[in-house]
Amino acid sequence: MEKIVILTGAGISAESGLGTFRDQGGLWAQYRIEDVATPEAFARDPALVQGFYNARRTQAAAARPNAAHQALARLQRNRPAEVTIVTQNVDSLHEAGGARDVLHMHGRLDKALCAACGYRWEAPLEMQVAEPCPDCRSPSARPDVVWFGEMPYHMPEIYDHLASATIFAAIGTSGQVYPAAAFVHEAAAAGARTIEMNLEPSAGVSSFDETLPGMATETVPRWVEGLLARRTT
Ligand code: APR
């Protein structure tokens, strides 16, 4: 029984108009991580951090899934194998493209989290500073995204999937942020065949058995059609 584990990064949403982080003009060329994407930044200047995520949430809400998101959803639907999508992205374009049970290891823009009681709810497009938690009422609402220095979500489940993967694909990620950048090693150690689909070789490209360079909306549908055409179970 095939077990396909797919890791996606900002590159899969680039053709839907959402910025990547480390490309020319990317988000980390416009903002400093330490100003907008750490717990210390949020404590120091919650208005700046909420403003940064409000802008990204509004942009993500207006974006549409592209052919790469839709192809992965098709693979999940049509392939008897277990297909698990792990994303570093905080947009919900995989779900909008029809994917199910996506593991958002860096959280999601469309969710809010209470830092006091852990309650989660649908985030409004614009979150206010010190917004009261709908459950415990304390003014501790924050975006439900994982900041640098915080633990990514779903790690035990992700490592379980990697440990039994027969195919591991990394799509649209520069391979510069851990623990995601090491998933290819976990999958390879489990005997999986590994493939990278990226616009340009990532930092970890040499760890992959195969690479399919190019735009995700071209490479991912081609890869999925190839898998669906194969008879193997
Ligand atoms: N098709 C395929 N790949 C693309 C495309 C495209 N149309 N456009 C860009 N890419 C590739 C780039 O070549 C780059 O290697 O996508 C990759 C995006 O890399 P990053 O901007 O570093 O994004 P990502 O790897 O997802 O970053 C990981 O870092 O800042 C944190 O939390 C943030 O989740 C993010 C994490």
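Residues numbered from 1 in each chain as written. Predicted model: local features only at pLDDT ≥ 70, side-chain atom pairs only at ≥ 80, totals over all residues. Heavy atoms only, no water.

Comments concerning the overall build of the protein
When you go through the protein residue by residue, the secondary structure sums to nine helices and nine strands. For the C-alpha atoms alone, the extent of the protein along its principal axes is close to 55 × 35 × 30 Å. Classification of the 233 residues of the protein by burial places 52% in the buried group. Residue pairs in contact within the protein that sit at least 24 positions apart in sequence constitute 65% of those at least 6 positions apart. Roughly 10700 Å² of accessible area belongs to the protein as shown, and the carbon and sulfur atoms make up 53% of that amount. Side-chain charges in the protein split into 20 positive and 27 negative, and the spacing between the mean points of these groups amounts to 5 Å. (Helix = DSSP H or I, 4+ residues; strand = E, 2+ residues; numbered from the N terminus. Buried < 20%, exposed > 50% of the residue type's maximum accessible area, 1.4 Å probe, protein only. Contact = heavy atoms within 4.5 Å. Areas by Shrake-Rupley, 256 points an atom, 1.4 Å probe, with all protein chains shown as cover. Lys, Arg positive; Asp, Glu negative; His and termini not counted. Charge placed at Lys NZ, Arg CZ, Asp CG, Glu CD.)

Side note on the site of the ligand
Taken together, 23 residues lie near the ligand, and Phe21, Arg22, Trp28, Thr173 and Ser174 sit nearest. With respect to the ligand, the side chain of Glu15 contributes an N or O atom lying 2.9 Å from a nitrogen atom. Ser174 is positioned such that a nitrogen or oxygen atom in its side chain is 2.6 Å from an oxygen atom of the ligand. Burial of the ligand by the protein chains amounts to 95% of its free accessible area of 740 Å². Looking at the shell around the ligand, you find at least three residues from each of domain 1 (1-18 + 65-106 + 152-233) and domain 2 (19-62 + 109-145). (Near = heavy atom within 4 Å. Polar contact = N/O pair within 3.5 Å; in protein donor to acceptor, adjacent residues only side chain to side chain. Domains from an automatic or database assignment.)

Concerning the sheet that holds strand β9 (residues 210-211)
Taken in spatial order, the six strands of this open sheet run β3-β2-β1-β7-β8-β9, and their pairing is parallel. In the strand order of this sheet, the two ends are held by β3 (103-104) and β9, each with one partner. Bridge count between strand β1 (residues 3-8) and strand β2 (residues 82-87): six bridges; the pairing is parallel. Its bridge partner lying in β2, Ile6 is registered against Ile85. (Pairing = 2+ DSSP bridges.)

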